[in-house]
Amino acid sequence: MRVVIAEDLALLRDGLIHILEAFDFEVVASVDTGPALLPALLGHRPDVAVVDVRLPPTFTDEGLQAAIAARAQVPGLPILVLSQHVEQLYARELLAAGVGGIGYLLKDRVSHVGQFIDAVRRVAEGGTVMDPEVIALLLARRPDTGPLDVLTAREREVLGLMAEGRSNAAIAGRLFVSEKAVSKHINSIFSKLGLPPSSDDNRRVMAVLTYLDQ
């Protein structure tokens, strides 16, 4: 798979290249600024991009904005965003398009090589990957009332695992239930959240957006 990397810290950028190449990814471009990222994404159209949210020159959200701009021109372009801290807005903006692979990991996750590579592959294949720590912290910030209150405790648990990008089979294995039971919970979640009929992938993303909006 062809990869574009955007990371301003030279040591981390070199580490990402080394890790990815060790697992047979081809790094076709690596940039260290926001202005350089968009042309790299549009020029190479990689199978997946690994992008730091905060890049020079202002270290605000150049990486995120370049990724969003690239996806506007190349719908579904798979993007895995790395962030030093949990920012709810980043997750929501990335998922808003509802098309193509999207991931949001904390930078610390890179040191867990197996998990990181798994996330890169899942995003490249069109999946949605959310860092478990991001989900946990967002849940901790959730107000006492909101749309998710209509869900049962088990349904909220299933939705949290959906937000991490897990498949029905993976959720079933995590919760020690059957895939049929997971499917039933997910259909109930869609119904209770008032998500209209559409592709399952799109409804999963909309459910996750509702989850993150709390």
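See the structure shown above.
Overview of the structure. Computed from a predicted structure; not experimentally measured.

Cut-offs applied
Residues numbered from 1 in each chain as written. Predicted model: local features only at pLDDT ≥ 70, side-chain atom pairs only at ≥ 80, totals over all residues. Heavy atoms only, no water. Pairing = 2+ DSSP bridges. Helix = DSSP H or I, 4+ residues; strand = E, 2+ residues; numbered from the N terminus. Axes fitted to C-alpha atoms, helices over the stretch in contact; angles between N-to-C directions. Contact = heavy atoms within 4.5 Å. Expected span 1.5 Å × (residues − 1). Buried < 20%, exposed > 50% of the residue type's maximum accessible area, 1.4 Å probe, protein only. Parallel < 35°, antiparallel > 145°, perpendicular 65-115°, else oblique. Nonpolar A, V, L, I, M, F, W, Y, C, P; charged D, E, K, R; others polar.

## A few points about the sheet that holds strand β1 (residues 2–6)
Within a sheet, neighbouring strands are paired by backbone hydrogen bonds and run either parallel or antiparallel to one another. Read across the sheet, six strands follow the order β2-β1-β3-β4-β5-β6 without closing on themselves; strand pairing throughout is parallel. Each end of this open sheet is capped by a strand with a single partner; those strands are β2 (26–31) and β6 (128–130). Shown here is a sheet whose adjacent strand axes are inclined to one another by a mean of 15°, direction ignored. Strand direction decides the pairing type here: β1 and β2, joined by five bridges, are parallel. Looking at the pairing, Ile 5 lines up with Ser 30 of β2. Lying on the sheet, helix α1 (residues 10–22) is in contact with β1, β2, β3 (48–52) and β4 (79–83); it crosses β2 at an angle near 170°.

## A few points about helix α9 (residues 179–192)
A rise of 1.5 Å per residue sets the reference length of α9, with its 14 residues, at 20 Å; its end C-alpha atoms lie 20 Å apart and thus fit the reference within 8%. Taken as a whole, α9 has its buried residues at Val 182, Ile 186, Ser 188, Ile 189 and Phe 190. Of the residues flanking the end of α9, it is Gly 194, one or two places downstream, whose phi is positive at about 70°.

## Description of unusual backbone geometry
Pro 56 connects to Pro 57 through a cis peptide bond whose omega is 15°. Counting through the fold element by element, Pro 57 comes out in the loop between β3 and α3 (62–73). The phi dihedral of Asp 24 is positive, around 70°, even though this residue is not glycine. Looking at the element boundaries, Asp 24 is found in the loop between α1 and β2. One non-glycine residue, Phe 176, lies in the positive phi region at around 60°. Within the element layout of this structure, Phe 176 appears in the loop between α8 (168–175) and α9.

## Observations concerning the packing of helix α7 (residues 153–163) against α9
Contact geometry of α7 with α9 gives a least axis separation of 10 Å together with a crossing angle of 95°. What the angle tells us is that α7 and α9 run roughly perpendicular. Here α7 contributes Arg 154, Glu 155, Val 158, Leu 159 and Met 162 to the contact with α9, which in turn contributes His 185, Ile 186, Ser 188, Ile 189, Phe 190 and Lys 192. Per-class residue counts for the contact of α7 with α9 are six nonpolar, two polar and three charged.

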